[in-house]
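# Chain and residue survey
The chain contents come next:
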Amino acid sequence: MPTSLRTQVGIVGAGPAGLVLSHLLHLQGIDSVVVECRSRAYVEERVRAGVLEQGTVNLLAEIGVGERMKAEGLVHYGIELRFGGRGHRIDFQELTGGKGITIYAQHEVLKDLNNARVATGGQVFFEVEDVSVHDFDGARPKIRYRKDGSDYELHCDFIAGCDGFHGICRPSIPVGVLTEYDRVYPFGWLGILADAPPSSEELVYTYHDRGFALLSMRTPQISRLYLQCNPDEDIDAWDDERIWQELHVRLSSEGWGLTEGPILQKGITGMRSFVVEPMQYGRLFLAGDSAHIVPPTGAKGLNLAVADVQVLARALARFYATGSQCLLNKYSHTCLRRVWKVQRFSWWMTSMLHRFPDEKPFDHRRQLAELDYVTSSRAAATTLAENYVGLPME
Ligand code: APR
Ligand code: PHB
């Protein structure tokens, strides 16, 4: 017989979506329990994204988990688009009235959130097994799981599916309810973490005949770099010398050089755009990667997850304060307006900056014209800047 537990909101997944939601609910006096299948160490060491939109930075600071981010994060007010061997800066500060981004690794954000949850008595259970969700089409949903050999049944009012693209919540929604929108790109990214000081103050996105490359960073000592590759590329075919050589070629620019260093970590990720509609069913609400995936070119994954749970936390607070389900009923509609605008931006950045295997000479010229337009028109540069720093929350 499983041990019964009770909370107001059951959350599956302790990634950015689950932990931000749990802390937002705590600040509203709403109890939650987070169940996570990985260990805390694993979640806090997983190398993921690193760009925080202005809105995400503001929120983390407002909810009391921004101290280390403010101290260690790198604030940037622009990025460089590089093509034809020349760089063109997009000035976020000028084009968005002072907004910027902060470079601060996702796993660092998770460390800060986990510490905040522990400090405020948060219930985040790591290394749980066999998680399943039940009865969310009624008023008494429950989450079943095993922990340290014992079975548990968590009775809650609502379930938040924050368990990522490969989680169990989305697939638990009955067949026929969801519509999936999917686009798989014909390339991937080979990413490295290198013990090398970044060779640029700001991020550099480059369009090159041999393919896309990106110079990013984690700290003044650690570089994060990516290059476009085949989606099924074998990472073992890329030794450090070949990776650096390709990065030198693609990132080359007059009077500029790329500093090399020992590669600490390398990997290949596929690229896709994915959205599921609706993002809710009964009392189960999907948030973050469980509901949508964006190609990393727009640096939006984490930020979109945080935006979803801000909407959900506000709706749950309204319910517990007044009994009204009006915001809960609009959750999916509200989130999807932002999701699709972010999908468009991420698709646009990806389509503008990558070489496509089936492209025609016309496409190549069109891409160069788009880059020329974005870097020579204030109106065009403003659309990139306002999307990159983050559109305002509704
Ligand atoms: N039971 C419990 N936990 C699960 C299960 C399960 N069955 N399946 C997945 N999880 C956990 C994962 O281990 C992970 O820690 O859910 C969490 C989901 O976190 P993310 O995948 O990070 O998704 P999300 O919180 O939406 O954040 C999206 O994270 O991965 C990046 O690129 C992504 O930047 C984006 C951001
Ligand atoms: C990163 O630093 O990991 C990063 C930055 C910008 C992107 C994608 C990834 O568009």
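The model shown is predicted, which means the values in this text are computed figures rather than measured ones. (Residues numbered from 1 in each chain as written. Chains lettered and ligands numbered in written order. Predicted model: local features only at pLDDT ≥ 70, side-chain atom pairs only at ≥ 80, totals over all residues. Heavy atoms only, no water.)

## So, the sheet that holds strand E14 (residues 179-194)
Applicable threshold: Criterion used throughout: strands pair if DSSP finds at least two bridges between them. Comment: elements are numbered from the N terminus, with helices defined as DSSP H or I runs of at least four residues and strands as E runs of at least two. Only heavy atoms matter for contacts: two residues are in contact if any of them lie within 4.5 Å across the pair. For helices, the axis comes from a line fit to the C-alpha atoms of the stretch in contact; other axes are also lines fit to C-alpha atoms, and the angle between any two N-to-C directions lies between 0 and 180 degrees.
With mixed pairing, eight strands are arranged side by side in an open sheet as E7-E6-E15-E16-E17-E14-E18-E21. Edge strands, defined here as strands with exactly one partner in the open sheet, are strand E7 (86-91) and strand E21 (292-293). Judged from the seven bridges that link them, E14 and strand E17 (residues 223-229) form a sheet pairing that is antiparallel. Looking at the pairing, Leu193 lines up with Arg224 of E17. Lying over the sheet, helix H11 (residues 331-353) contacts E14, strand E15 (204-207), strand E18 (263-277) and E21, oriented at roughly 130° with respect to E18.

## Observations concerning a negative patch on the surface
For clarity, the threshold we go by: Think of a patch as exposed residues, more than 30% relative accessible area, with no salt bridge, where like charges cluster within 9 Å and nonpolar side chains (Val, Leu, Ile, Met, Phe, Trp, Tyr) cluster within 5 Å. Working definition of accessibility: Shrake-Rupley area with a 1.4 Å probe, residue cover restricted to the visible protein chains. Any carboxyl oxygen of Asp or Glu within 4 Å of a side-chain nitrogen of Lys or Arg constitutes a salt bridge here. Here the positive residues are Lys and Arg and the negative ones are Asp and Glu; neither His nor the chain ends is included. Think of each charge as sitting on NZ of Lys, CZ of Arg, CG of Asp or CD of Glu. Under the scheme applied here, a residue whose accessible area is under 20% of the maximum for its type counts as buried, over 50% as exposed, and between as partly exposed, the area being computed with a 1.4 Å probe on protein chains only.
On the surface, Glu127, Glu129, Asp130 and Asp148 cluster together to form a negatively charged patch. For Asp148, a relative accessible area of 66% corresponds to the exposed category.

## Quick look at helix H6 (residues 106-119)
What counts here: Under the convention used throughout, the expected extent of a helix is 1.5 Å for every residue step, that is, one less than its residue count.
With 14 residues, H6 extends 20 Å from end C-alpha to end C-alpha; this agrees with the ideal 20 Å at 1.5 Å per step. Among the 14 residues of H6, ten are classified as buried, and the element is accordingly described as predominantly covered. Along H6, the positions that sit buried rather than exposed are Gln106, His107, Glu108, Val109, Leu110, Asp112, Leu113, Asn114, Ala116 and Arg117. Directly beyond the C-terminal end of H6, a positive phi value near 70° is found at Gly121.

## So, the pairing of strand E16 (residues 213-217)
When you tally the buried positions in E16, you get five out of five residues, the bulk of the element. Of the two faces of E16, the one holding Ala213, Leu215 and Met217 and the one holding Leu214 and Ser216 are both buried throughout. Across three bridges, E15 lies against E16 in antiparallel orientation. The partner of Tyr205 across the bridge, within E16, is Leu214. What sits between the antiparallel neighbours E15 and E16 is a turn of five residues, in which Gly211 has the positive phi angle 130°. The pairing of E16 with E17 spans five bridges and is classified as antiparallel. Looking across to E17, one finds that Leu215 is bridged to Leu225. In textbook terms, the turn of a hairpin is the stretch between consecutive antiparallel strands, and for E16 and E17 this stretch comprises five residues.

## Quick look at the pattern of salt bridges
Counted according to the given criterion, the structure contains 23 salt bridges. A salt bridge links Arg68 to Glu108, with the shortest nitrogen-to-oxygen separation between them at 2.8 Å. Here the residue Arg68 occupies a position in helix H4 (residues 67-72), and Glu108 occupies one in helix H6, the gap between them amounting to 40 residues. Given the relative accessible area of 26%, Arg68 is considered partly exposed.

## What to know about the sheet that holds strand E12 (residues 150-155)
In spatial order, the strands read E1-E12-E11-E10; together these four strands make up an open sheet with mixed pairing. Single-partner strands in this sheet number two, and they are strand E1 (3-6) and strand E10 (129-134). With strand direction ignored, the average angle separating the axes of adjacent strands in the sheet is 20°. The pairing of E10 with strand E11 (residues 142-147) spans four bridges and is antiparallel. Within the sheet, the bridge partner assigned to Val133 lies in E11 and is Ile143.

## Things to note about the site of ligand 1
Where we set the bar: Here a residue is near a molecule or strand as soon as one of its heavy atoms is found within 4 Å of it. In the analysis that follows, any N or O atom pair within 3.5 Å is treated as a polar contact, provided that within protein one partner can donate a hydrogen and the other can accept it, and provided that, for residues neighboring in sequence, both atoms belong to side chains.
Residues in close proximity to ligand 1 total 23 residues, the closest being Ala17, Glu36, Arg46, Arg48 and Asp289. Contacts to ligand 1 include Glu36, whose side-chain N or O atom sits 2.7 Å from an oxygen atom. Residue Arg48 places a side-chain N or O atom 2.7 Å away from an oxygen atom belonging to ligand 1. For ligand 1, whose accessible area on its own is 700 Å², the fraction buried by protein is 87%. For the shell around ligand 1, the secondary-structure elements that each account for two or more residues are helix H1 (16-27) and helix H9 (301-322).

## Re the packing of aromatic side chains
Worth spelling out the cut-off: Note on aromatic pairs: the rings of Phe, Tyr and Trp (six-membered ring only in Trp) are paired at centre separations within 6.5 Å, and the planes decide the class, stacked below 30 degrees, edge-to-face beyond 60, tilted for the rest.
Within this structure, the stated rule accounts for 18 aromatic pairs. Ring geometry for Phe165 and Phe274: centres 5.0 Å apart, planes at 85°, overall edge-to-face. In this pair, Phe165 sits in the loop between strand E13 (158-161) and helix H7 (169-172) while Phe274 sits in strand E18, placing the two residues 109 residues apart along the sequence. For the pair formed by Phe165 and Phe274, the shared burial category is buried. Centroid distance Tyr205 to Phe212: 6.1 Å. Interplanar angle 50°. Geometry classified as tilted.

## A closer look at the packing of H9 against H11
Formally: These descriptions rest on fixed angle ranges, namely under 35 degrees for roughly parallel, over 145 for roughly antiparallel, 65 to 115 for roughly perpendicular, and the rest for oblique. Note: crossing handedness is left-handed where the near helix turns anticlockwise from the far helix by less than a right angle, and right-handed where it turns clockwise.
One way to put it is that H9 packs onto H11 with a least axis distance of 10 Å and a crossing angle of 160°. When the axis of H9 is compared with that of H11, the two are roughly antiparallel. Relative to H11, H9 is oriented so that their crossing is right-handed. Every residue of H11 that contacts H9 at Leu304, Ala307, Asp308, Val311 and Leu312 is listed here: Tyr331, Thr334, Cys335, Arg338, Val339 and Val342.

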